[in-house]
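Each chain is listed here by its residues.
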Amino acid sequence: MSRSIVRQSKFRHVFGQTVKAEQGYDDIRVSKVTWDSSFCAVNPKFLAVIVESSGGGAFLVLPLSKTGRVDKNYPLVIGHSGPVLDIDWCPHDDNILASCSEDCTAMVWQIPDHTLTRPLSDPVVVLEGHSKRVGIVSWHPTARNILLTAGSDNLIIIWNVGTGEPLISMDDHPDLIYSVSWNRNGSLFCTTCKDRRLRVCDPRKREVVAERLAPHEGIRPMRAIFTRDGNIFTTGFTRMSQRELGLWDPTNFEEPIALLELDTSNGVLLPYYDPDANMVYLCGKGDSSVRYFEITEEPPYVHYLNTFSSKEPQRGMGFMPKRGVDVSKCEIARLYKLLDKKCEPITMTVPRKSDLFQDDLYPDTAGPEPAMEPEEWLDGRDEDPILVSMRQGYVPPKSRELKVVKKNVLDSRPTTRRSMSTLDTNSLPPQLLERLLEEIQNLKATVLSQEKRICDLENKLSQYTNGTA
(Lines give C-alpha, C1' and ligand atoms only; values in the text may rest on other atoms or scores of the structure.)
Protein backbone atom coordinates (compact mmCIF):
# COMPACT_ATOMS: atom_id res chain seq x y z
CA MET A 1 0.00 0.00 0.00
CA SER A 2 1.53 3.33 -1.07
CA ARG A 3 1.39 6.21 1.35
CA SER A 4 1.70 9.88 0.46
CA ILE A 5 4.58 11.53 2.34
CA VAL A 6 3.95 15.11 1.16
CA ARG A 7 0.94 16.93 2.61
CA GLN A 8 -1.61 17.86 -0.03
CA SER A 9 -2.39 21.58 -0.17
CA LYS A 10 -3.13 24.02 -2.98
CA PHE A 11 -1.15 26.69 -1.10
CA ARG A 12 2.03 24.64 -0.68
CA HIS A 13 3.77 26.43 -3.56
CA VAL A 14 2.68 30.01 -2.85
CA PHE A 15 5.56 32.36 -3.67
CA GLY A 16 6.16 36.04 -2.94
CA GLN A 17 7.46 38.58 -5.42
CA THR A 18 8.24 42.30 -5.16
CA VAL A 19 6.67 44.39 -7.92
CA LYS A 20 8.81 46.39 -10.33
CA ALA A 21 10.43 49.54 -8.93
CA GLU A 22 8.13 51.88 -10.90
CA GLN A 23 5.07 50.17 -9.35
CA GLY A 24 6.17 51.06 -5.81
CA TYR A 25 5.78 54.32 -3.88
CA ASP A 26 8.98 56.32 -3.31
CA ASP A 27 10.01 59.28 -1.11
CA ILE A 28 7.61 58.55 1.76
CA ARG A 29 8.86 59.76 5.14
CA VAL A 30 7.59 56.85 7.27
CA SER A 31 6.90 57.73 10.90
CA LYS A 32 9.65 57.02 13.43
CA VAL A 33 7.34 56.92 16.46
CA THR A 34 8.08 54.01 18.79
CA TRP A 35 4.80 52.11 18.67
CA ASP A 36 4.18 48.53 17.55
CA SER A 37 1.48 49.18 14.96
CA SER A 38 1.67 48.46 11.25
CA PHE A 39 1.88 52.21 10.25
CA CYS A 40 0.13 51.27 7.01
CA ALA A 41 -3.43 50.49 5.89
CA VAL A 42 -4.62 49.60 2.41
CA ASN A 43 -7.88 48.82 0.59
CA PRO A 44 -8.87 48.36 -3.07
CA LYS A 45 -8.82 52.16 -3.61
CA PHE A 46 -6.18 53.73 -1.37
CA LEU A 47 -2.86 53.29 0.42
CA ALA A 48 -2.50 55.14 3.75
CA VAL A 49 0.85 55.53 5.55
CA ILE A 50 1.61 57.25 8.87
CA VAL A 51 4.40 59.75 8.14
CA GLU A 52 6.76 62.11 9.93
CA SER A 53 5.37 65.62 10.31
CA SER A 54 6.16 68.70 12.34
CA GLY A 55 3.61 70.29 14.64
CA GLY A 56 1.33 67.30 15.18
CA GLY A 57 0.42 64.01 13.59
CA ALA A 58 -0.26 63.27 9.93
CA PHE A 59 -0.67 60.47 7.46
CA LEU A 60 -0.45 60.20 3.70
CA VAL A 61 -3.31 58.82 1.57
CA LEU A 62 -2.54 57.86 -2.03
CA PRO A 63 -4.77 56.34 -4.71
CA LEU A 64 -3.32 52.90 -5.49
CA SER A 65 -2.73 54.00 -9.07
CA LYS A 66 -0.45 56.90 -8.00
CA THR A 67 2.78 54.88 -8.08
CA GLY A 68 6.32 56.20 -8.43
CA ARG A 69 7.88 59.13 -6.64
CA VAL A 70 5.61 61.01 -4.24
CA ASP A 71 5.99 64.79 -4.36
CA LYS A 72 7.42 66.13 -1.09
CA ASN A 73 4.62 68.73 -1.07
CA TYR A 74 1.86 66.16 -1.58
CA PRO A 75 -1.08 67.11 0.70
CA LEU A 76 -1.33 65.14 3.95
CA VAL A 77 -4.26 64.34 6.21
CA ILE A 78 -3.64 66.51 9.26
CA GLY A 79 -5.81 67.17 12.28
CA HIS A 80 -4.24 65.35 15.21
CA SER A 81 -2.14 67.51 17.54
CA GLY A 82 0.11 64.55 18.45
CA PRO A 83 1.77 61.73 16.49
CA VAL A 84 -0.65 59.31 14.79
CA LEU A 85 -0.28 55.77 16.18
CA ASP A 86 -2.73 53.62 14.21
CA ILE A 87 -5.00 53.81 11.14
CA ASP A 88 -7.70 51.46 9.83
CA TRP A 89 -9.89 51.55 6.70
CA CYS A 90 -13.60 50.95 7.15
CA PRO A 91 -14.52 47.51 5.71
CA HIS A 92 -17.91 48.86 4.53
CA ASP A 93 -16.81 52.07 2.80
CA ASP A 94 -13.49 52.34 0.97
CA ASN A 95 -13.44 56.14 1.46
CA ILE A 96 -13.73 56.10 5.26
CA LEU A 97 -10.61 55.88 7.45
CA ALA A 98 -10.19 55.94 11.24
CA SER A 99 -7.04 57.22 12.97
CA CYS A 100 -5.87 57.54 16.56
CA SER A 101 -3.13 59.53 18.19
CA GLU A 102 -1.12 60.54 21.22
CA ASP A 103 -3.47 63.53 21.54
CA CYS A 104 -6.01 61.19 23.28
CA THR A 105 -8.50 61.28 20.38
CA ALA A 106 -9.61 59.12 17.49
CA MET A 107 -10.86 60.68 14.26
CA VAL A 108 -12.88 59.43 11.30
CA TRP A 109 -12.09 60.84 7.85
CA GLN A 110 -13.91 60.91 4.51
CA ILE A 111 -11.27 60.57 1.77
CA PRO A 112 -12.39 61.96 -1.63
CA ASP A 113 -11.99 59.82 -4.74
CA HIS A 114 -10.02 62.55 -6.49
CA THR A 115 -6.37 63.28 -5.62
CA LEU A 116 -6.02 65.74 -2.72
CA THR A 117 -5.03 69.25 -3.80
CA ARG A 118 -4.65 70.67 -0.28
CA PRO A 119 -4.15 69.17 3.19
CA LEU A 120 -7.26 67.51 4.64
CA SER A 121 -7.77 68.87 8.15
CA ASP A 122 -11.49 68.44 8.87
CA PRO A 123 -12.48 64.98 10.13
CA VAL A 124 -16.08 63.82 9.80
CA VAL A 125 -16.15 63.14 13.54
CA VAL A 126 -13.77 63.45 16.51
CA LEU A 127 -14.11 60.77 19.19
CA GLU A 128 -13.08 62.03 22.63
CA GLY A 129 -13.32 59.68 25.59
CA HIS A 130 -9.81 58.51 26.47
CA SER A 131 -7.65 60.26 29.07
CA LYS A 132 -4.34 59.03 27.60
CA ARG A 133 -3.01 58.31 24.13
CA VAL A 134 -5.12 56.09 21.88
CA GLY A 135 -3.05 53.32 20.29
CA ILE A 136 -5.55 51.01 18.56
CA VAL A 137 -8.51 51.55 16.20
CA SER A 138 -10.47 48.63 14.77
CA TRP A 139 -13.73 48.59 12.78
CA HIS A 140 -16.45 46.05 13.47
CA PRO A 141 -16.39 43.42 10.67
CA THR A 142 -20.16 43.27 9.97
CA ALA A 143 -22.05 46.16 11.65
CA ARG A 144 -22.21 49.61 10.07
CA ASN A 145 -20.38 52.51 11.78
CA ILE A 146 -19.16 50.55 14.83
CA LEU A 147 -15.56 51.41 15.80
CA LEU A 148 -13.42 50.13 18.69
CA THR A 149 -10.65 52.21 20.25
CA ALA A 150 -8.14 51.18 22.93
CA GLY A 151 -5.94 53.61 24.85
CA SER A 152 -3.06 53.76 27.29
CA ASP A 153 -5.65 54.51 29.98
CA ASN A 154 -6.35 50.71 29.70
CA LEU A 155 -9.84 51.51 28.47
CA ILE A 156 -11.67 50.00 25.47
CA ILE A 157 -14.47 52.14 24.03
CA ILE A 158 -16.87 51.06 21.26
CA TRP A 159 -18.39 53.96 19.31
CA ASN A 160 -21.21 54.57 16.90
CA VAL A 161 -19.44 56.96 14.53
CA GLY A 162 -22.78 57.76 12.85
CA THR A 163 -23.75 59.70 15.98
CA GLY A 164 -20.29 60.25 17.47
CA GLU A 165 -21.42 58.61 20.72
CA PRO A 166 -19.70 55.96 22.88
CA LEU A 167 -21.88 52.85 23.16
CA ILE A 168 -19.80 50.56 25.38
CA SER A 169 -16.84 51.13 27.69
CA MET A 170 -14.76 48.31 29.22
CA ASP A 171 -12.09 48.73 31.91
CA ASP A 172 -11.19 45.06 32.49
CA HIS A 173 -7.50 45.49 31.61
CA PRO A 174 -5.12 46.51 34.42
CA ASP A 175 -2.25 47.40 32.08
CA LEU A 176 -1.39 48.50 28.52
CA ILE A 177 -3.40 46.76 25.77
CA TYR A 178 -1.12 45.42 23.00
CA SER A 179 -3.67 44.24 20.42
CA VAL A 180 -7.39 43.80 19.75
CA SER A 181 -9.01 41.49 17.17
CA TRP A 182 -12.71 40.93 16.38
CA ASN A 183 -13.99 37.46 15.54
CA ARG A 184 -15.66 36.81 12.16
CA ASN A 185 -19.16 38.00 13.07
CA GLY A 186 -18.11 40.64 15.59
CA SER A 187 -19.78 39.03 18.62
CA LEU A 188 -16.48 38.77 20.53
CA PHE A 189 -13.00 40.25 20.45
CA CYS A 190 -9.70 39.02 21.89
CA THR A 191 -6.99 41.19 23.47
CA THR A 192 -3.40 40.84 24.61
CA CYS A 193 -2.15 42.92 27.50
CA LYS A 194 1.05 43.88 29.29
CA ASP A 195 -0.12 41.79 32.28
CA ARG A 196 0.68 38.76 30.01
CA ARG A 197 -2.96 37.66 29.76
CA LEU A 198 -4.90 36.73 26.64
CA ARG A 199 -8.57 37.66 27.08
CA VAL A 200 -11.76 36.97 25.12
CA CYS A 201 -14.35 39.71 25.71
CA ASP A 202 -18.07 39.93 25.01
CA PRO A 203 -18.59 43.69 24.56
CA ARG A 204 -22.39 43.66 24.78
CA LYS A 205 -22.27 41.80 28.11
CA ARG A 206 -19.32 44.00 29.12
CA GLU A 207 -17.42 41.03 30.49
CA VAL A 208 -14.38 38.84 29.92
CA VAL A 209 -15.70 35.40 28.95
CA ALA A 210 -12.35 33.56 28.86
CA GLU A 211 -8.73 34.31 29.68
CA ARG A 212 -5.36 32.61 29.73
CA LEU A 213 -2.30 33.68 31.73
CA ALA A 214 0.96 33.70 29.76
CA PRO A 215 0.13 31.85 26.53
CA HIS A 216 3.77 32.72 25.78
CA GLU A 217 6.09 32.72 28.78
CA GLY A 218 8.22 35.69 27.72
CA ILE A 219 7.53 39.24 28.94
CA ARG A 220 7.80 40.84 25.49
CA PRO A 221 4.61 42.03 23.71
CA MET A 222 2.14 39.47 22.32
CA ARG A 223 -0.31 39.64 19.43
CA ALA A 224 -3.54 37.67 18.94
CA ILE A 225 -6.08 37.30 16.12
CA PHE A 226 -9.27 35.28 15.72
CA THR A 227 -9.37 32.68 12.94
CA ARG A 228 -12.50 31.91 10.91
CA ASP A 229 -13.11 28.75 13.00
CA GLY A 230 -13.22 30.72 16.25
CA ASN A 231 -9.73 29.68 17.40
CA ILE A 232 -7.11 32.26 18.39
CA PHE A 233 -3.70 32.55 16.73
CA THR A 234 -1.02 34.21 18.90
CA THR A 235 2.57 35.40 18.52
CA GLY A 236 4.92 36.09 21.42
CA PHE A 237 8.20 35.14 23.05
CA THR A 238 9.52 32.25 25.14
CA ARG A 239 11.28 32.75 28.46
CA MET A 240 14.58 32.65 26.52
CA SER A 241 13.35 35.45 24.18
CA GLN A 242 12.77 33.14 21.24
CA ARG A 243 9.84 34.13 19.06
CA GLU A 244 6.92 31.73 19.21
CA LEU A 245 3.49 31.22 17.68
CA GLY A 246 0.51 29.41 19.11
CA LEU A 247 -3.02 28.28 18.22
CA TRP A 248 -5.62 28.16 21.00
CA ASP A 249 -9.20 27.05 21.51
CA PRO A 250 -10.89 29.80 23.59
CA THR A 251 -13.34 27.27 25.05
CA ASN A 252 -10.38 25.29 26.46
CA PHE A 253 -7.36 27.46 27.23
CA GLU A 254 -5.58 24.76 29.29
CA GLU A 255 -3.47 23.36 26.45
CA PRO A 256 -2.57 24.94 23.09
CA ILE A 257 -3.72 23.30 19.87
CA ALA A 258 -0.23 24.06 18.52
CA LEU A 259 2.88 25.83 19.84
CA LEU A 260 5.89 26.43 17.61
CA GLU A 261 9.23 28.15 18.29
CA LEU A 262 10.62 30.20 15.42
CA ASP A 263 13.86 32.14 15.97
CA THR A 264 15.64 34.59 18.26
CA SER A 265 14.91 38.21 17.43
CA ASN A 266 13.64 41.36 19.15
CA GLY A 267 10.98 42.37 16.64
CA VAL A 268 7.32 41.79 17.53
CA LEU A 269 5.66 39.47 15.00
CA LEU A 270 2.58 41.13 13.47
CA PRO A 271 0.13 38.49 12.14
CA TYR A 272 -2.02 39.17 9.04
CA TYR A 273 -4.79 36.65 8.47
CA ASP A 274 -6.54 35.57 5.28
CA PRO A 275 -9.81 33.86 6.34
CA ASP A 276 -10.59 32.59 2.83
CA ALA A 277 -7.35 30.61 2.51
CA ASN A 278 -6.93 30.13 6.28
CA MET A 279 -3.36 31.43 5.97
CA VAL A 280 -1.34 33.66 8.31
CA TYR A 281 1.49 35.96 7.21
CA LEU A 282 3.97 36.88 9.95
CA CYS A 283 5.87 40.15 9.56
CA GLY A 284 8.37 41.18 12.22
CA LYS A 285 9.34 44.81 12.65
CA GLY A 286 13.01 45.06 11.72
CA ASP A 287 12.88 41.76 9.82
CA SER A 288 13.58 41.54 6.12
CA SER A 289 11.38 38.47 5.65
CA VAL A 290 7.71 37.42 5.69
CA ARG A 291 6.86 33.90 6.87
CA TYR A 292 3.55 32.35 5.95
CA PHE A 293 1.65 29.42 7.40
CA GLU A 294 -1.51 27.47 6.67
CA ILE A 295 -3.93 26.56 9.48
CA THR A 296 -5.71 23.20 9.02
CA GLU A 297 -7.69 20.69 11.06
CA GLU A 298 -4.96 18.02 10.81
CA PRO A 299 -1.87 17.84 13.05
CA PRO A 300 0.34 19.80 13.45
CA TYR A 301 -2.52 22.27 12.71
CA VAL A 302 -0.16 25.17 11.83
CA HIS A 303 1.88 24.24 8.74
CA TYR A 304 4.89 26.26 7.66
CA LEU A 305 4.69 27.02 3.94
CA ASN A 306 7.58 29.29 2.99
CA THR A 307 9.46 32.53 3.64
CA PHE A 308 9.66 35.57 1.41
CA SER A 309 12.99 37.35 1.93
CA SER A 310 14.29 40.68 0.70
CA LYS A 311 17.35 42.80 1.49
CA GLU A 312 15.94 45.71 3.50
CA PRO A 313 14.22 45.48 6.92
CA GLN A 314 10.56 46.50 7.15
CA ARG A 315 9.23 49.37 9.27
CA GLY A 316 5.63 48.30 8.92
CA MET A 317 3.22 46.40 6.70
CA GLY A 318 -0.19 46.81 5.07
CA PHE A 319 -2.47 43.90 4.10
CA MET A 320 -4.88 44.17 1.18
CA PRO A 321 -8.41 42.76 1.70
CA LYS A 322 -9.06 39.77 -0.56
CA ARG A 323 -11.44 41.76 -2.79
CA GLY A 324 -8.46 43.91 -3.87
CA VAL A 325 -6.21 41.16 -5.29
CA ASP A 326 -5.72 40.38 -8.99
CA VAL A 327 -7.63 37.15 -9.71
CA SER A 328 -6.35 37.00 -13.30
CA LYS A 329 -2.79 36.37 -11.99
CA CYS A 330 -3.80 33.87 -9.26
CA GLU A 331 -2.73 36.41 -6.66
CA ILE A 332 -4.09 35.34 -3.25
CA ALA A 333 -2.60 38.13 -1.10
CA ARG A 334 -0.83 41.45 -1.44
CA LEU A 335 1.26 43.05 1.28
CA TYR A 336 2.61 46.60 1.30
CA LYS A 337 6.05 46.67 2.93
CA LEU A 338 7.19 49.96 4.47
CA LEU A 339 10.87 50.81 4.29
CA ASP A 340 12.58 53.99 5.55
CA LYS A 341 11.68 56.08 2.49
CA LYS A 342 9.34 53.98 0.37
CA CYS A 343 6.58 51.37 0.19
CA GLU A 344 6.98 48.14 -1.80
CA PRO A 345 3.99 45.98 -2.75
CA ILE A 346 4.64 42.22 -2.43
CA THR A 347 2.35 39.86 -4.34
CA MET A 348 1.68 36.32 -3.08
CA THR A 349 0.78 34.02 -5.98
CA VAL A 350 -0.26 30.39 -6.48
CA PRO A 351 1.44 29.06 -9.64
CA ARG A 352 -1.23 27.88 -12.09
CA LYS A 353 -0.94 27.27 -15.84
CA SER A 354 -4.57 27.97 -16.71
CA ASP A 355 -5.81 31.52 -17.37
CA LEU A 356 -9.34 30.62 -16.27
CA PHE A 357 -10.87 31.76 -12.99
CA GLN A 358 -9.70 29.44 -10.20
CA ASP A 359 -12.77 28.61 -8.12
CA ASP A 360 -10.80 26.71 -5.50
CA LEU A 361 -8.51 29.71 -4.78
CA TYR A 362 -11.26 32.30 -4.61
CA PRO A 363 -14.31 31.33 -2.57
CA ASP A 364 -16.84 34.12 -2.04
CA THR A 365 -15.23 36.75 0.18
CA ALA A 366 -16.44 39.46 2.55
CA GLY A 367 -17.91 42.34 0.53
CA PRO A 368 -18.29 46.05 1.32
CA GLU A 369 -21.92 45.92 2.46
CA PRO A 370 -22.58 45.86 6.23
CA ALA A 371 -24.74 42.95 7.43
CA MET A 372 -26.59 45.02 10.05
CA GLU A 373 -27.09 48.42 11.59
CA PRO A 374 -25.43 49.52 14.86
CA GLU A 375 -28.71 49.35 16.80
CA GLU A 376 -29.28 45.74 15.70
CA TRP A 377 -25.80 44.71 16.82
CA LEU A 378 -26.23 46.49 20.14
CA ASP A 379 -29.54 44.63 20.68
CA GLY A 380 -27.73 41.27 20.44
CA ARG A 381 -27.98 40.32 16.77
CA ASP A 382 -25.00 38.54 15.11
CA GLU A 383 -24.46 38.22 11.37
CA ASP A 384 -21.60 36.82 9.30
CA PRO A 385 -20.15 39.13 6.60
CA ILE A 386 -22.16 39.48 3.37
CA LEU A 387 -20.12 37.65 0.75
CA VAL A 388 -19.38 38.67 -2.85
CA SER A 389 -18.06 36.62 -5.75
CA MET A 390 -14.53 37.22 -7.04
CA ARG A 391 -15.28 35.72 -10.47
CA GLN A 392 -15.47 39.03 -12.36
CA GLY A 393 -12.78 40.69 -10.28
CA TYR A 394 -13.72 43.32 -7.73
CA VAL A 395 -14.95 46.79 -8.76
CA PRO A 396 -14.94 49.29 -5.86
CA PRO A 397 -18.29 51.08 -5.39
CA LYS A 398 -18.61 54.84 -5.70
CA SER A 399 -17.90 57.01 -2.68
CA ARG A 400 -20.73 57.24 -0.15
CA GLU A 401 -20.86 60.14 2.24
CA LEU A 402 -20.69 59.33 5.95
CA LYS A 403 -23.32 61.42 7.73
CA VAL A 404 -22.83 62.08 11.42
CA VAL A 405 -25.93 62.99 13.40
CA LYS A 406 -25.01 64.53 16.73
CA LYS A 407 -27.63 64.05 19.43
CA ASN A 408 -28.38 66.99 21.68
CA VAL A 409 -28.53 65.81 25.29
CA LEU A 410 -30.79 68.75 26.22
CA ASP A 411 -33.22 68.44 23.35
CA SER A 412 -34.22 65.82 20.81
CA ARG A 413 -33.87 68.38 18.02
CA PRO A 414 -30.46 68.39 16.31
CA THR A 415 -30.10 72.19 16.33
CA THR A 416 -31.59 75.01 18.34
CA ARG A 417 -33.97 77.20 16.38
CA ARG A 418 -35.53 80.46 17.44
CA SER A 419 -39.27 80.03 17.88
CA MET A 420 -41.62 82.30 15.94
CA SER A 421 -42.86 83.79 19.22
CA THR A 422 -39.41 85.27 19.89
CA LEU A 423 -39.32 87.08 16.54
CA ASP A 424 -40.32 90.68 16.45
CA THR A 425 -43.31 90.18 14.14
CA ASN A 426 -44.44 93.76 14.54
CA SER A 427 -41.44 94.90 12.50
CA LEU A 428 -42.43 92.70 9.52
CA PRO A 429 -45.10 93.64 6.96
CA PRO A 430 -48.10 91.22 7.15
CA GLN A 431 -47.72 90.09 3.54
CA LEU A 432 -43.99 89.28 4.02
CA LEU A 433 -44.73 87.42 7.26
CA GLU A 434 -47.40 85.28 5.55
CA ARG A 435 -45.03 84.53 2.69
CA LEU A 436 -42.24 83.49 5.09
CA LEU A 437 -44.55 81.22 7.07
CA GLU A 438 -45.88 79.63 3.87
CA GLU A 439 -42.33 79.04 2.58
CA ILE A 440 -41.30 77.43 5.90
CA GLN A 441 -44.31 75.08 5.74
CA ASN A 442 -43.52 74.14 2.12
CA LEU A 443 -39.89 73.41 2.98
CA LYS A 444 -40.92 71.23 5.92
CA ALA A 445 -43.28 69.26 3.69
CA THR A 446 -40.54 68.82 1.06
CA VAL A 447 -38.04 67.58 3.64
CA LEU A 448 -40.52 65.05 5.04
CA SER A 449 -41.36 63.69 1.60
CA GLN A 450 -37.66 63.39 0.69
CA GLU A 451 -36.92 61.54 3.95
CA LYS A 452 -39.75 59.09 3.21
CA ARG A 453 -38.41 58.58 -0.32
CA ILE A 454 -34.88 57.90 1.02
CA CYS A 455 -36.25 55.33 3.50
CA ASP A 456 -38.20 53.57 0.72
CA LEU A 457 -35.13 53.43 -1.54
CA GLU A 458 -32.89 52.14 1.27
CA ASN A 459 -35.43 49.40 2.06
CA LYS A 460 -35.57 48.38 -1.62
CA LEU A 461 -31.76 48.33 -1.79
CA SER A 462 -31.49 46.14 1.31
CA GLN A 463 -34.09 43.74 -0.14
CA TYR A 464 -32.11 43.39 -3.36
CA THR A 465 -28.86 42.99 -1.43
CA ASN A 466 -30.30 40.28 0.82
CA GLY A 467 -32.00 38.56 -2.12
CA THR A 468 -35.49 38.96 -0.69
CA ALA A 469 -36.83 41.11 -3.53
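One can find the structure itself at the top, above this paragraph.
Definitions and cut-offs
- All residue numbers refer to position in the chain's written sequence, counted from 1.
- Per-residue local features of the predicted model are confined to residues with pLDDT of at least 70, and side-chain atom pairs are confined, for both listing and counting, to 80 or more; whole-chain, interface and lining totals are unaffected and use all residues.
- Hydrogen atoms and water are omitted, and side-chain values are computed over all heavy atoms in the structure.
- Geometry of aromatic contacts follows a simple scheme: Phe, Tyr and Trp rings, the Trp one being its six-membered ring, pair when their centres are within 6.5 Å, and the pair is stacked under 30 degrees between planes, edge-to-face over 60, tilted otherwise.
- Under the DSSP-based scheme used, a helix requires at least four consecutive residues in state H or I and a strand at least two consecutive residues in state E, with every element numbered from the N terminus.
- With a 1.4 Å probe rolled over the protein chains alone, any residue whose accessible area is under 20% of its type maximum counts as buried; one over 50% counts as exposed, and the rest are partly exposed.
- For two strands to be treated as a pair, DSSP must find at least two bridges joining them.
- To obtain an axis, a line is fitted to C-alpha atoms, over the contacting stretch when the element is a helix, and the angle between two such axes runs from 0 to 180 degrees between their N-to-C directions.
- Basic side-chain nitrogens of Lys or Arg form a salt bridge, by our definition, when they fall within 4 Å of a carboxyl oxygen of Asp or Glu.
- Using a grid of 1 Å spacing that covers the protein atoms alone, one calls a set of points a cavity when a 1.4 Å probe fits there but cannot get out, and a pocket when the set is open and has protein on both sides within 12 Å along at least five of seven lines; lining residues are those with an atom within 4 Å of a point.
- Grid points are joined across faces, edges and corners, and a volume is the space filled by probe spheres set on the points.
- Note on residue classes: Ala, Val, Leu, Ile, Met, Phe, Trp, Tyr, Cys and Pro are nonpolar, Asp, Glu, Lys and Arg are charged, and everything else, Gly too, is polar.

S.K.: Help me out: how do you make sense of the packing of aromatic side chains in this one?
M.R.: Here a ring pair, both rings aromatic, is described through the centre-centre distance and the interplanar angle of the planes. Enumeration according to the criterion identifies 10 aromatic pairs in this entry. A centroid spacing of 6.1 Å and a plane angle of 85° characterise the contact between Phe59 and Trp109, whose relative ring orientation is edge-to-face. On the criterion of sequence distance, the pair formed by Phe59 in strand S5 (residues 57-63) and Trp109 in strand S10 (residues 105-110) is long-range, its members being 50 residues apart. The class for Phe59 is buried, based on a relative accessible area of 0%.

S.K.: Would you mind going over the sheet that holds S10 with me for this structure?
M.R.: Pairing between the strands of a sheet is mediated by backbone hydrogen bonds and can be parallel or antiparallel. With antiparallel pairing, four strands are arranged side by side in an open sheet as S8-S9-S10-S11. The sheet terminates laterally at strand S8 (84-89) and strand S11 (125-128), the two strands that pair on one side only. On average, each strand axis in the sheet is inclined to that of its neighbour by 20°, with strand direction left out of account. In the sheet, S8 pairs with strand S9 (residues 96-101) via five bridges, with the strands oriented antiparallel. Within the sheet, the bridge partner assigned to Trp89 lies in S9 and is Leu97.

S.K.: How do you make sense of the pattern of salt bridges when you look at a structure like this?
M.R.: Charged atoms that come close allow side chains of opposite charge to pair. Under the criterion given, the structure shown has 24 salt bridges. The partner of Glu217 in a salt bridge is Arg239, with the nearest N and O atoms 3.3 Å apart. In this pair, Glu217 is assigned in the loop between strand S19 (207-213) and strand S20 (223-226) and Arg239 in the loop between strand S21 (232-237) and strand S22 (242-248), connecting sequence segments 22 residues apart. Glu217 sits in the partly exposed class, given a relative accessible area of 44%. Assessed through its relative accessible area of 64%, Arg239 is described here as exposed.

S.K.: Please clarify how the layout of surface pockets should be interpreted in this entry.
M.R.: Vacant regions in the atomic arrangement are exposed by a probe of water-molecule size rolled over the atoms. The volume enclosed by the second largest pocket comes to roughly 530 Å³. Taken together, 18 residues line the second largest pocket, and the ones lying closest to its centre are Val19, Gln23, Lys329, Glu331 and Thr347. Listing elements by their share of the lining of the second largest pocket, those giving two or more residues are strand S1 (15-18), strand S29 (331-338) and strand S30 (342-349). Residue composition of the lining of the second largest pocket, grouped by class: six nonpolar, seven polar and five charged.

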